[in-house]
Amino acid sequence: SQDVGVETLFSVDVDSSLGFEMSVYANRLHLVVHTSGGVTSSTAIDYDPVGHKFWRMRHDPMGTMELETSADGVEWTSRRSAAVPRLPTAAPTRCG
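Described in the following lines is the structure provided in the data block. Sequence order sets the numbering: in each chain, residues are counted from 1 along the sequence as written. Local features in this predicted model are restricted to residues whose pLDDT is 70 or higher, and side-chain atom pairs enter the listing and the counts only when it is 80 or higher, whereas totals over whole chains, interfaces and linings include all residues. Side-chain metrics rest on all non-hydrogen atoms present in the structure, leaving aside hydrogens and water.

**Brief notes about the overall build of the protein chain**
Our working rule: Counting from the N terminus, the helices are the DSSP runs of H or I reaching at least four residues and the strands are the DSSP runs of E reaching at least two. The classification of residues rests on relative accessible area computed with a 1.4 Å probe and restricted to protein chains. Under 20% of the type maximum is buried, over 50% is exposed, and intermediate values are partly exposed. Whether two residues touch is decided by their heavy atoms; if any such pair falls within 4.5 Å, the residues are in contact.
Looking only at helices and strands, the protein chain has 0 helices and 8 strands in total. For the protein chain, with 96 residues in total, the buried portion stands at 35%. For the protein chain, contacts bridging at least 24 residues in sequence account for 34% of all contacts bridging at least 6.

**A closer look at unusual backbone geometry**
At Ala26, a residue that is not glycine, the phi angle is positive and equals roughly 55°. Even without glycine at this site, Asn27 takes up a positive phi of about 60°. Taking relative accessible area as the criterion, Asn27 reaches 45% and is therefore assigned partly exposed.

**Focus: the pattern of salt bridges**
Here is the rule we go by: Within this document, salt bridges are pairs made up of a side-chain nitrogen of Lys or Arg and a carboxyl oxygen of Asp or Glu, the two lying within 4 Å of each other.
With the rule as written, the count across this model stands at 3 salt bridges. Between Arg28 and Asp46 there is a salt bridge, with its nearest N and O atoms 2.6 Å apart. Residue Arg28 is located in strand E3 (residues 28–35), and its partner Asp46 is located in strand E4 (residues 38–46); the two are separated by 18 residues in the primary sequence. What makes Arg28 partly exposed here is its relative accessible area of 29%. As a salt-bridge pair, Glu68 and Arg56 come within 2.5 Å of each other at their nearest N and O atoms. Here Arg56 lies in strand E5 (residues 54–59) and Glu68 lies in strand E6 (residues 64–70), a separation of 12 residues in the sequence. Relative accessible area serves as the criterion here: at 4%, Glu68 is assigned to the buried category. One continuous salt-bridge network, built from bridges that share partners, spans Arg56, Arg58 and Glu68.

The following block contains the structure:
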């Protein structure tokens, strides 16, 4: 269970001024966009451990980063979409 204080984190930094994060705490899935000035925007939805079993971040050809979840790792649902003003060349990731 995801008790308050327990957190699961997945983040990708495009560069030092732009990053994306998916995290779970307090039974909520948080979808966050970070900029050099801090958190630009954050959206939270109820966390479903079955429906949100798999997570991914995908840069699509239209210039957006898609934060997606899946129950089976095959069918994906976009939970958050955000513009990426430049193509990521390398993306350091963190999991925890």
